[in-house]
Each structure stands twice: as C-alpha cells, then as structure tokens.
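So you can see what is in the structure, the chains are spelled out below.
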Amino acid sequence: MSESERTRNPIVDPPLDWSGAPGSARPRPSGAPLWQASIKQTPESFRVDEDLGFAPSGAGNHWLVRLEKRDMTTGAMVDWMAKVTGTRARDIGFSGLKDRQAVTTQWLSIPHESFDPQAFGRACQGESIGLLEIDRHDRKLRRGTHRGNRFRLQLDDVEPVDATADADLAAYLAQRATDLALRGMANYFGEQRYGRQFGNLRGLVEWGQGIRTGCPKRQARNWLLSTLRSSIFDHVLAERIAAGTVGRVEPGDLLQLAGSRSRFLAEQDELDALQARLEQGDVVPTGPLWGGDASQAGNGVGTLENALADEILSRFGEATWRQWLADWRVEADRRPLAVRVPDLDYRLEDGSVELSFSLPPGSYATELVAELFAAKAAH
C-alpha cells in the first residue's frame, strides 16, 4: 500500500476504496475488466436459486418450506414467517442470506408444532410469496449448510471501457470464462457487507474511537464484527493479488481441501507438489477471518496477515476492537482466497449480457460480475 493509503481518513476515504472506484477498482487475478456494464435495477434482473444439496427427510420435528420472494431480505422473510405462524424468529432456520433487490428462492425450516401448512399457504398467497415446496424434516436448518447458489443476472449498457480497444465481446468473455474456471475469481466480500455508502465502516470508527460509547445491541455488534473481519480479509486478498501470489502456494499458507473445511500448513519442502494440487483444483490458499489471536498461517504469510490486521485495527480504534474481539470470544476462521467458477455461461443480445453461474455459500455474485465488467452508473 502507498503511504497516502495508509494515512487517509477511514470515514471520508474508506479502506475498501483502493483507487477511487469501490468494487471495480479492487485488484483482480485476470487484471482490470476491459468492458463495462450495469445491472438493471429491477428484482427480475437478479435471480438467485438456492441449492440446498439434500432433500427433506420426509419426517421429523420441523417443516422445510421452499419459498420464492421478490424485493425482500431473508431477515424480513423470517420476521414475516414468525408473525404469521406465531413462532419465535430465532426458531426459524435458514442456510444463507439472500439479496433484497432480486427474485430469490430458498429453503427455511420451522418447528412443526407452530405450523399449519394450509394457513401458511394462504398467507403466502396474500403476500405474493411463492410456496414452491413443503415437506417434513428432522432438524433445523443452520447457516452455511446449503451446497451453493445458482445465479442468473441481466446486464445492459455493455460497452468497452476504452473505445479504441478490441471490441470482440464474445472472445473477451470466452477468455475470462476460461480464467475463472482454471484460476477462479477473487473471493472478496461484496460491497453490501460494508453498508450503504460504507456506513458499517463508519460504525467501526465511531465505536472504536469512542465517538459512540457503551455496548451495541447483539445484532449491531455482530454486523460490526463481520465488517471488521471482512475488511481485514479483503485487504489480505488484495495484497496477495497485487504481489502475484494468490495463485501460488507460499510457505506457511493455510491450504483448504476442495469441498471441505479441512486445512493444513504448506511446508517449504512440499511446495512443488502443493502447487500442482492447487492447479488441479484440489487445494486453495485461504485468508484470515480475524479473531482474538494472531494469524494462524505460518512464515511470511502470517507476517503479512498480522501486519495488515494491525493496520486495519489501528484505523478503526485498535484498543477497543482488540478488547471486544477478546471479550466476545471471536474465534479465528479462514476463507478461500479464490473460488473457481467452472459453469459460467453467457448470452449476448443487443448491448446486453445474460450471465448464469453457480457459487458456493458466502461468495458474492457481484464480485463475479466485477471480474468481467467495470461498473457503470445505475439507470
């Protein structure tokens, strides 16, 4: 990072904004996008279908319902279900949060003793919520238990970033699709994690520097911690991309086995074999989801992660956030730095592009789009 980036005011100039254009300005494994586009500002232009990865058991103490919602957050859906069924919101389970400005389908669970399927079906009709499937199940849904999400996005106003550049969009997308399948997309957290106009980052500064005092409510506290951890991870990822090491196994990397959460440290004498496994898609380097202790990585990787965490914490109020991470017993975790996208498909038509692809839980469709297109102003 440059010295100017290290000293800027995190309220006025948030640390996500590396060069003046949040999102698209983030470093990308395949380089900056050569085309630009905008996502239509209608829910129908952004469709998300949850892939649960398993079928309801057909018996048990819960109901699983698959719902289609439009222009509604998952939290609002849960609150509505709690109201119409007389169930506590905390007893309603779901696997992942879905976008508000979208048409989305997802599964939710609800205890059987508080649920009348017929009455619930009528309530869905009254709210124009689609009740797609319903069956009994043996357990409550938990966060992150689904296999992934399938996306279909409509983009328009598609044009080259540089009008003098080669304007073969089909060839460009074919090359980027190959890159995404082989090397993957940068697994940044989406801008929505940071709040509208970076409001969550401002919250970190206000609480961390004592502008606001006391203790935030539990939900606000959780969002603040998520924002803090996301910021540290995204900066580590950006530094790795800038250094050309996001696609290379480094000594001390914590590697994660594909399709699991099993991890192990990369040793110096195994680097060639581990690099071959990375290129085959068998393992992927991870970055930190910060906790109360130092980085879990080894050698220079851990040194980089600790240094960037120190820098981010100092911007937001280091003493406060280190204390709160300890007091709230936040455990460190890891997140893949890159996610391969083997099924990207696209259709071109009269200045618009329709994209379809699948992502694992926790990865953002907007970040996949940013690998392909720079953002244009919404219309």
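Because the structure is a prediction, the values reported are computed rather than measured. (Residues numbered from 1 in each chain as written. Predicted model: local features only at pLDDT ≥ 70, side-chain atom pairs only at ≥ 80, totals over all residues. Heavy atoms only, no water.)

Looking at unusual backbone geometry
For step 1, the next point in the chain: Of note, Asp71 is a non-glycine position whose phi angle comes to about 55 degrees, a positive value.
For step 2, the next point in the chain: With respect to the helices, strands and loops of the structure, Asp71 is situated in the loop between strand E3 (62-70) and helix H2 (74-85).
For step 3, the next point in the chain: Of the residues examined, Asp71 reaches a relative accessible area of 36% and is grouped as partly exposed. (Helix = DSSP H or I, 4+ residues; strand = E, 2+ residues; numbered from the N terminus. Buried < 20%, exposed > 50% of the residue type's maximum accessible area, 1.4 Å probe, protein only.)

Description of the environment of Arg202
For step 1, the next point in the chain: Within the secondary structure, Arg202 is located in helix H5 (residues 199-208).
For step 2, the next point in the chain: For Arg202, a relative accessible area of 25% corresponds to the partly exposed category.
For step 3, the next point in the chain: Considered as a pair, Arg202 and Leu224 are 22 residues apart in the sequence and their alpha carbons are 9.8 Å apart.

Observations concerning the nonpolar core
Buried together is how nonpolar side chains tend to be arranged in soluble globular proteins.
For step 1, the next point in the chain: One finds Leu204, Leu228, Leu237, Phe316, Trp321 and Leu325 to be the most contacted residues of the largest nonpolar core, which totals 30 residues.
For step 2, the next point in the chain: Among the elements that make up this core, the one with the highest residue count is helix H6 (residues 218-242) (eight residues).
For step 3, the next point in the chain: With sequence-adjacent residues up to four places away left out, Leu237 is seen in contact with Ala186, Asn187, Tyr188, Val246 and Leu337.
For step 4, the next point in the chain: In this structure, Leu180, Leu355, Val369 and Phe373 belong to the second largest nonpolar core, which totals 28 residues. (Core = buried A, V, L, I, M, F, W, Y, C linked by side-chain atoms within 4.5 Å. Contact = heavy atoms within 4.5 Å.)

Points about the sheet that holds strand E12 (residues 333-336)
Sheets are built from strands paired through backbone hydrogen bonds, the pairs being either parallel or antiparallel.
For step 1, the next point in the chain: Pairing within the open sheet is antiparallel, and its four strands lie in the order E10-E9-E11-E12. In this open sheet, the two edge strands, each paired with only one partner strand, are strand E10 (263-265) and E12. The average angle at which neighbouring strand axes cross in this sheet is 45 degrees, direction not considered.
For step 2, the next point in the chain: Packing of helix H7 (residues 271-279) onto the sheet brings it into contact with strand E9 (254-257), E10 and strand E11 (283-289), and relative to E11 it is tilted by some 95 degrees. (Pairing = 2+ DSSP bridges. Axes fitted to C-alpha atoms, helices over the stretch in contact; angles between N-to-C directions.)

Comments concerning the packing of helix H4 (residues 169-182) against helix H10 (residues 365-372)
For step 1, the next point in the chain: For the pair H4 and H10, the least separation of the axes is 10 Å and the interaxial angle reads 130 degrees. Comparing their axes, H10 and H4 come out oblique. Of the two possible hands of crossing, H4 and H10 adopt the one that is right-handed. Counted together, Tyr172, Leu173, Arg176 and Leu180 of H4 and Leu368, Glu371 and Leu372 of H10 form the full contact between these two elements.
For step 2, the next point in the chain: Its residues assigned to classes, the contact of H4 with H10 comprises five nonpolar, no polar and two charged. (Parallel < 35°, antiparallel > 145°, perpendicular 65-115°, else oblique. Left-handed = near helix turned anticlockwise from the far one by under 90°. Nonpolar A, V, L, I, M, F, W, Y, C, P; charged D, E, K, R; others polar.)

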